[in-house]
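Working through the structure, step by step
Residues per chain are reported as follows:
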Amino acid sequence: PSLDVGEVLKLRGSWTMHKEYGIQLRVEHYETVLPATTRDIENYLASGVIRGIGPVTAKKIVEKFGQNSLEILSNDPEELLKIPGIGEKKLQMIKESYVEQQETREIMLFLQQYGIGPGIGVRIYKNYGDKSIDVLKENPYRLADEVYGIGFRTADSIAQKMGMKSDSLERLCAGLKYALYRACDEGHVFLPTEELLHRTSELLDVDEELLNQAYLAIEEKQHIVVERSWGREDVYLAAFYHSEKAVARKLFLLAAMLDKPLDITNEDIYTIEEKCGINLAKRQREALEKSAACGVLVITGGPGTGKTTTIKSLIEFYKKNNLKVALAAPTGRAAKRMTETTGVEAKTIHRMLEYKAYSEGGMMFGKDKNDPLKADVVIIDEISMVDIILMHHLLSAIKPGARLILVGDKDQLPSVGPGSVLRGIINSGKIPVVVLDEIFRQARESMIIVNAHRINKGYLPYLNVKNKDFFLEQVFLPEEILQTILNLTKTRLPKFNGYDPINDIQVITPMKRGVVGVINLNNSLQALLNPPDVHKKEYRYRSQIYREGDKVMQIKNNYDKEVFNGDLGRISKIDEEGRIIVCFADAWQEREVIYQGQEIEELSLSYALSVHKSQGGEFPVVIMPITTQHYVMLQRNLLYTAVTRAKKMLVLVGTKQALAISIKNNKAQKRYGHLCERILEEFAQAIYYE
């Protein structure tokens, strides 16, 4: 169960003897009771369960009102204004939160029978109000579809404890959808029917034959779309099917319905070169010429091939033709970099589309086909990071006749979300593509860039070249790799070139778990770079300690707070109420965001990042463990993506054998999706109708 600090529990169970830990109580049933002693009341109020009251305010309330504190909260909350630090605004927050707590009490008691804690109870109550218990009794699997933050596993746990059969139709229907959502988390847009049934059968531990009736039921309810084309039967969650179709359709319409082609002469190109202070290479000129004539254009290239210069020249060209240009990228980091390199404000795609948060963590966009963007030209950088759903929303918001320029590196990792949008567009052969393939002279001085291209072609990189920027520290055992990374970060690199261990150096690792996985590296680096200090406040949330000065990352989109998955910040303050204040630096401003209670789940330490989470960012120095312990993650595109995050220096720590395995393994995981085929279909139909 999910329990909060400060809750008082009444437990029923039996005493057992554990061979390691001695006498233990095996709990068979528990219920929350209202705290009775002043100490219990203070712990309860300090737990953060009531918004606006933290440890310091809780202490003041109990000192003032003693055992009557909860009675005051219930019957005479205005008395709280006598407490220093509580004003009208804070009182209102406390009152609303306490009423919420009381209203949810009945559902809490109901859920406690099934080992479900108050955090989930509040979410259920917000969704269904006084019908909550009826909904749970009728079909607890509705929670997975309808309550934000509650997935299939939690709903299944509640259902099983309520006595629902493991082969009930409700469970089988929910399980099929859960298997599809899990596939989407792996990057797939659909699953072939046989694979969906096999995966669901394993997840639910039931025979595949039992799933046939549930399969037909969710198809009839239109929760899924079954497509019987392409020589097989493929199953989509409805939203992904409609998104994939809409993306192909809109790409065709933008390509076919350009307002008017623009003329571009050699003189125009010369003027642009002069204005930007550059000499355009052959492929960059080609990009300019195609952008003048085409409604949709893809520009792709590796590091040092002049993507940024090309974007700058495009902006100048469109400006000269009095066209309004909008720049955007998938993440705050990528948008910030785009702003800095072009001198023109770039936004995240979400901001550009004017996302709007609504209750329970959801989101909608202000810009869509009914109210499109005013821009005549939309340029998107880091397009490889855009998944099929976001691409659908983006294309929906581009007005007919406008131009779309997609810029990225086709050899980077695909998006974390479902689909391979960039690859699908390129493979269709219907959208013009310019491949920037010339490494510029200045870029050739960097071994990071030279080696990134070597890795991409399947060659071993040049290692430890004197006075260059690409190194391998040959270390064999994971524990020794960890110690080497810690030593490099704290001592050797700062001594070598004055790099700041926190601001300049980023550790990137392929794995989440293990000695040199994200979790252990983060805890080790935190202990080394930001150890406990009497002058630094800290806050423990579950098993993680957060400390003032820590590097942190937002790990899920929070539209209310305007922070997004992958945004990096620093903890600037932890206040007396246990609220964590994080400073995020956008391209346009530095701003502070407050986290309290369960919101802290959205943060993680970011001294070390996974390769996927590092996408869209650049760091002065990157250190990366590369070991055969990570065998399953030794992939060429993963290594290539990590290497291209480094601007000034890259240090691999591990073995040449692991490096060679990584470069040799060019089998990127296949993602199920039909974007390429759908684009071909759209263009073929157009030719047929003509």
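Before reading further, recall that the structure is shown in the block above.
Here we summarise the structure given alongside this text. (Residues numbered from 1 in each chain as written. Predicted model: local features only at pLDDT ≥ 70, side-chain atom pairs only at ≥ 80, totals over all residues. Heavy atoms only, no water.)

**Thoughts on the pairing of strand 25 (residues 646-654)**
For strand 25, a buried count of seven out of nine residues is recorded, marking the element as mostly surrounded by other parts of the structure. Pairing between strand 14 (residues 470-474) and strand 25: five bridges, direction parallel. If you follow E473 over to strand 25, its bridge partner there is V653. For strand 24 (residues 619-626) and strand 25, the ladder comprises seven bridges, and the chain directions are parallel. (Buried < 20%, exposed > 50% of the residue type's maximum accessible area, 1.4 Å probe, protein only. Helix = DSSP H or I, 4+ residues; strand = E, 2+ residues; numbered from the N terminus. Pairing = 2+ DSSP bridges.)

**Describing the nonpolar core**
I124, L143, M352, I380, M391, L404 and I425 are the most contacted members of the largest nonpolar core, which totals 92 residues. Per element, the largest residue contribution to this core is nine residues, and it comes from helix 10 (residues 169-185). In this view, L404 contacts L251, L254, G295, V296, L297, V378, I380, L395 and I398; residues no more than four positions away in its chain are not counted. (Core = buried A, V, L, I, M, F, W, Y, C linked by side-chain atoms within 4.5 Å. Contact = heavy atoms within 4.5 Å.)

**What about helix 23 (residues 478-497)?**
The first and last C-alpha atoms of helix 23 sit 26 Å apart over 20 residues, in line with the 28 Å expected at 1.5 Å per residue. A maximum bend of about 55° is found in helix 23 at L488. Of the residues making up helix 23, those classed as buried are P478, I481, L482, T484, I485, L486, L488, T489, L493 and P494. Where helix 23 is buried, its residues meet strand 14, strand 15 (505-509), helix 24 (518-529), strand 24 and strand 25. In the segment just after helix 23, G498 is the residue with positive phi, at about 70°. (Expected span 1.5 Å × (residues − 1). Bend = angle between axes of the 7 residues up to and from the residue.)

**Re the packing of aromatic side chains**
Using the criterion set out here, one finds eight aromatic pairs in the structure. Look at F152 and Y178: their rings are 4.7 Å apart centre to centre, the planes differ by 20°, and that puts the pair in the stacked class. Highlighted residues: F152 in helix 9 (residues 152-161) and Y178 in helix 10, separated in sequence by 26 residues. The exposure class of F152 is buried, given its relative accessible area of 4%. Their ring planes at 50° and their centres at 5.5 Å tell us that F317 and Y318 sit as a pair that is tilted. The same class applies to F317 as to Y318, namely buried. Taken together through their ring pairs, the aromatic side chains of F190, Y236, Y241 and Y672 make up a single cluster. Lying over the aromatic face of Y462, R454 brings its terminal NZ or CZ to 4.1 Å of the ring centre. For K561, the ring lying beneath its charged end belongs to Y595, and the centroid distance is 5.6 Å. (Phe/Tyr/Trp six-rings, centres within 6.5 Å; stacked < 30°, edge-to-face > 60°. Lys NZ or Arg CZ within 6 Å of the ring centre and 35° of its normal.)

**With respect to the pattern of salt bridges**
According to the stated counting rule, one finds 32 salt bridges in the structure shown. The partner of E244 in a salt bridge is R678, with the nearest N and O atoms 2.7 Å apart. Linking E244 in helix 13 (residues 238-256) with R678 in helix 28 (residues 675-689), this pair joins segments that are 434 residues apart in sequence. Exposure class is identical for E244 and R678. Each is buried. Residue R351 is joined to E562 by a salt bridge in which the shortest nitrogen-to-oxygen separation is 3.3 Å. Of this pair, R351 sits in helix 18 (residues 349-352) while E562 is found in the loop between strand 18 (551-554) and strand 19 (568-574), placing the two residues 211 residues apart along the sequence. We classify R351 as buried; its relative accessible area is 18%. On the basis of relative accessibility, which here comes to 33%, the residue E562 falls in the partly exposed class. (Salt bridge = Lys/Arg side-chain N within 4 Å of Asp/Glu carboxyl O.)

These results come straight from atomic positions and should not be treated as a statement about function.
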